[in-house]
Amino acid sequence: MLFRSRTSGTWQVSVLVPESSVGDIKTGQLVSVDVPAAGLTGISGRVQELLTTPVATSQGIGYQAVVTVLDQGQVSPPSGVAANVQLGS
């Protein structure tokens, strides 16, 4: 999976899920987010949306999932930094 964070009023992570794994992702599912560049680990998040439009990448087809971070008390990393997202929290 490929990741990048984006910030607005809430902290969200845009996740590119490979087509072969898209069946494992459900709206409302809990995830764990790490942002190594910001020293943030084990932050709880929830899949808010799984977009149905396919995205062509050099590794094949993927689908974008939007994850909202649940613990807004943590410091938000700068927009565009890499994040690691794992299923479960």
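Right above here is the structure, for reference.
Criteria and cut-off values
Residues numbered from 1 in each chain as written. Predicted model: local features only at pLDDT ≥ 70, side-chain atom pairs only at ≥ 80, totals over all residues. Heavy atoms only, no water. Helix = DSSP H or I, 4+ residues; strand = E, 2+ residues; numbered from the N terminus. Contact = heavy atoms within 4.5 Å. Areas by Shrake-Rupley, 256 points an atom, 1.4 Å probe, with all protein chains shown as cover. Polar contact = N/O pair within 3.5 Å; in protein donor to acceptor, adjacent residues only side chain to side chain. Core = buried A, V, L, I, M, F, W, Y, C linked by side-chain atoms within 4.5 Å. Buried < 20%, exposed > 50% of the residue type's maximum accessible area, 1.4 Å probe, protein only.

S.K.: Would you mind going over the overall build of the protein chain with me for this structure?
M.R.: When you go through the protein chain residue by residue, the secondary structure sums to 0 helices and 7 strands. Put simply, the protein chain runs from its N terminus to its C terminus through helices and strands in the order β-β-β-β-β-β-β. Considering only contacts within the protein chain whose residues lie at least 6 apart along the sequence, 60% involve residues at least 24 apart. Looking at the protein chain as shown, the accessible area adds up to about 4,900 Å², and 51% of this sits on carbon and sulfur atoms.

S.K.: I'm lost on the side chain of Ser 14 in this one. Help?
M.R.: Within the secondary structure, Ser 14 sits in strand β2 (residues 11-18). Side chain to side chain, Ser 14 and Gln 64 meet in a polar contact 2.5 Å long.

S.K.: In this structure, what is going on with the nonpolar core? I would like to understand it.
M.R.: For soluble globular proteins, nonpolar side chains are generally found buried alongside one another. One finds Trp 11, Val 13, Val 15, Val 33, Val 35 and Val 67 to be the most contacted residues of the largest nonpolar core, which totals 17 residues. Elements supplying a minimum of two residues to this core: β2, β3 (30-35), β4 (40-50) and β6 (60-69). It is β2 that provides the largest number of residues to this core, a total of 4 residues.

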